[in-house]
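Reading the structure
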Amino acid sequence: MAVSGAPYRLRSAGDLPRRSPLAGLGAAYEHMWLIYRRTWRGSIFGSFVQPVLFLLAMGVGLGTYVDTASPDALGGVPYIQWLAPALLVSTVMQGSVFEATFPVLGGFNWDRRYHGMYATPLTPFAIAFGQLGWVVTRALMVASIFAFVILLFGAAATPGIVLAIPVAMLTALAFAGPVAAFMSTQRDTAAFNSIWRFGVTPLFLFSGTFFPIDRLPDFLQPIAWVLPLWHGVDLARALALGTVGQQPLLHLAHLVILLAGAIVGLVATYVMFKRKLER
Amino acid sequence: MTPDESPTPLIHARGLTKKFGEFTAVDAVDFDVASGESFGFLGPNGAGKTSTMRMVGCVSPVTAGTLRILGLDPNVDGPRIRGRLGVVPQQDTLDTELSVRDNLVIYARYFGMSHAEARTKADALLEFVQLAERAKDKVEPLSGGMKRRLTIARALINDPSILLLDEPTTGLDPQARHLLWDRLYRLKQQGVTLVLTTHYMDEAEQLCDRLVVMDKARIVAEGSPLQLIERYSTREVTELRFAVGVQETLDGQLEGLGERIERLPDRVLVYSNDGEAAAAAANQRGLRPETVLVRRSSLEDVFLRLTGRSLVD
Ligand SMILES: Nc1ncnc2c1ncn2[C@@H]1O[C@H](COP(=O)(O)OP(=O)(O)OP(=O)(O)O)[C@@H](O)[C@H]1O
Ligand SMILES: [Mg+2]
């Protein structure tokens, strides 16, 4: 029965539709788009600036020096072409750690958005995967812009550079999942600062992006194997340079490890979000 | 199980219990809420009001006992039940990065409404809570009262069968509270079932048809505000306030002034059916309080009687 002029329409209590969890997931994901609409200009600009700066400094500047000093060091590939796909993956990885930290801390502790979402038919499944789905979407955007800049620089060895984009998305998920799961247990950014300083930055520098990992001291090489960044970097590079066929098993292993990391991250985020929401 | 007064209560709780580890926040409480009723939980900090509301809101698993909402079990049908609830949580959960209107629109999407429906509904509700002119503003700079109103608007977006309000007016100035009360009263008249918690007896008296008093995880009394006052208090109360230090010297001089005497740190309450007569009797005994106030009994007195403590410290 509608009450005229009132914003409220009394509904019968028996009217209890079931909704699919996927519908909720779509709405949670839409929420992230709505937030992004307000900030996209600044973020798109940043997504262009970073690759331009890095490719100029490392690719052109350092690359000219490397290529002259030892032309065969990287199998005859110019340094900028060797660097570009790896830098794409590493940059996307860094972004994904951010995207898995601040929205999660805010959702649980600051504006407590997730608790508001959970008071509706949304499930922890929708809330957790809506957030991670958004991280992967951001990875797609950042990676695509990066690939575009690489093409502008003429730094693509083959059209395979496009395949670095899905590799970057998978790598982003393999990082964002565990980070989001962990951040659901935190109340502030203290732990994030440590993760960034002692985790993300060293990984960025030492995971084969700027120089091959066989240049690392022996005791550090197993670490590159355990953490997913090197797998993403090496796979993206092989795809971009067209050298996957040279070591098919190694590259298959990269893919399997990235997939495993992504799945572990998805499950961990779901479990932790559910625990945190259901108190 | 006791037979129900009404055919199907919207909320039915028996032995409802919530534990956090070893700590019992809600200890085997029983209550029913009928359709169209407005039902309150009155109690001091830590009584277990929010813990109960969260179980009813299907966001906190029941530790023990029976809970049925709209005839369904929250452990099985949580999302379906939540689709028919409107929730105003104790702490705001608005998205501070979105505009006022977008907060409502995205919430409507959570209930499966179309974009067009969501926008129409959002605008109507912003009018209802008098926030239409702030529609495009961000949430962050809104005052506490405005955020509360927005949260109430958001809770109505799905035309809920039950509206759960956890301390809807705590921290608001009197004007903001009265505006909120007015809106809630209108909803009640439209037949919305309200369930609310509060520390404020005036709020409970204004809005609740029936309420329970909670203290230390248990329900200690139940009834309409009037019934509770009749059952646990007298018609009138005489408040005697003495000069500093005098109250401690009055041993034995107060007894018999009324049916019951309650000594608070700053004043003495005399419960009787004729407050003026009690004041006169005090005067005859040579007591010289600095101020004398005769008033009607309120839920505050009920609470004091039941728990030995006052409601708002
Ligand atoms: N998630 C939790 N973990 C552990 N203890 C909790 C949790 N939530 C509430 N409690 C405890 O349960 C008790 C009841 O809390 P609750 O929030 O239900 O009280 P309340 O009546 O709503 O109080 P207030 O008027 O302060 O809001 C308190 O002692 C509180 O510390
Ligand atoms: Mg509370």
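Nothing here was measured: the structure is a model prediction, and the numbers come from that model. As a convention, each chain's residues are numbered from 1 in the sequence order in which they are written. Each chain gets a letter, beginning with A, and each ligand a number, beginning with 1, in the order they are written. Thresholds applied to this predicted model are a pLDDT of at least 70 for local features of residues and 80 or more for the giving and counting of side-chain atom pairs; totals over whole chains, interfaces and linings are not thresholded and use all residues. With hydrogens and water excluded, all non-hydrogen atoms of the structure serve as input to the side-chain values.

Let's talk about the site of ligand 1
Residues and elements named next belong to chain B. Where we set the bar: Nearness here has a simple test: a residue counts as near a molecule or strand if at least one of its heavy atoms is within 4 Å of that partner. Each polar contact in these results corresponds to two N or O atoms within 3.5 Å; when the atoms are within protein, one needs to be able to donate a hydrogen and the other to accept it, and residues that are neighboring in sequence are counted only if both atoms are side-chain atoms. Per-residue and other accessible areas were derived by the Shrake-Rupley procedure at a 1.4 Å probe size, with only the shown protein chains allowed to occlude residues. For the purposes of this entry, the term helix denotes a DSSP run of H or I that reaches at least four residues, the term strand denotes a run of E that reaches at least two, and both are numbered from the N terminus. Each residue receives one of three labels: charged for Asp, Glu, Lys and Arg, nonpolar for Ala, Val, Leu, Ile, Met, Phe, Trp, Tyr, Cys and Pro, and polar for the others, Gly being one of them.
Taken together, 14 residues surround ligand 1, and among them Asn 45, Gly 46, Lys 49, Thr 50 and Ser 51 come closest. In this structure, Gln 90 approaches ligand 1 through a side-chain N or O atom, which is 2.9 Å from an oxygen atom. Within the complex, 66% of the 630 Å² of free accessible area of ligand 1 lies under protein. Elements that contribute at least two residues to the shell around ligand 1 include exactly strand 2 (23-33) and helix 1 (49-56). If one sorts the elements of the shell around ligand 1 by residue count, helix 1 sits on top with three residues. Here the shell around ligand 1 is composed, by residue class, of five nonpolar, seven polar and two charged.

Side note on helix 5 (residues 144-155) of chain B
All names here are of chain B. As a reminder, the rule being used: Expected helix span is taken as 1.5 Å per residue step, with the number of steps being one fewer than the number of residues. Each residue gets one of three labels from its accessible area relative to the maximum for its type: buried under 20%, exposed over 50%, partly exposed in between, using a 1.4 Å probe on protein chains only.
The end-to-end C-alpha separation of helix 5 is 16 Å, in line with the 16 Å expected for twelve residues at 1.5 Å each. Extensive coverage of helix 5 is indicated by the burial of nine of its twelve residues. Three or more residues of helix 5 are buried, namely Gly 145, Arg 148, Arg 149, Leu 150, Thr 151, Ile 152, Ala 153, Arg 154 and Ala 155.

Comments concerning the sheet that holds strand 13 (residues 291-296) of chain B
Pairing between sheet strands relies on hydrogen bonds along the backbone, with the strands arranged either parallel or antiparallel. All names here are of chain B. As a reminder of what qualifies: Only when DSSP finds a minimum of two bridges between them are two strands counted as paired. Interaxial angles span 0 to 180 degrees and are taken between N-to-C directions of axes, which are lines fitted to C-alpha atoms, for helices over the stretch in contact. Residues are treated as being in contact if the distance between any of their heavy atoms lies within 4.5 Å.
Strands sit in the order 11-12-10-13 across an open sheet of four strands; the sheet is antiparallel. Each edge of the open sheet is held by one strand with a lone partner, namely strand 11 (260-263) and strand 13. Between one strand and the next, the sheet's axes are offset by a mean angle of 20°, whatever the strand orientation. On the sheet, helix 9 (residues 275-284) packs against strand 10 (236-241), strand 12 (268-272) and strand 13 and is oriented at approximately 35° with respect to strand 10. Along the sheet, helix 10 (residues 299-307) contacts strand 10, strand 11, strand 12 and strand 13; its crossing angle with strand 12, the most-contacted strand, is approximately 100°.

Thoughts on the sheet that holds strand 2 of chain B
All names here are of chain B. A sheet is described by the order of its strands in space; here three strands give the open sequence 2-1-4, paired in antiparallel fashion. Two strands in the sheet have a free side with no partner beyond their single neighbour: strand 2 and strand 4 (64-69). The mean angle between the axes of side-by-side strands here comes to 25°, regardless of whether they run parallel or antiparallel. Here strand 1 (residues 11-20) runs beside strand 4; their pairing, made up of five bridges, is antiparallel.

Quick notes on the domain arrangement of chain B
The condition is simple: Domain start and end points were adopted from an automatic or database domain assignment.
Domain boundaries assigned for chain B yield domain 1 (11-224) and domain 2 (234-296). Taking only C-alpha atoms, the centre of domain 1 of chain B and the centre of domain 2 of chain B are 40 Å apart.

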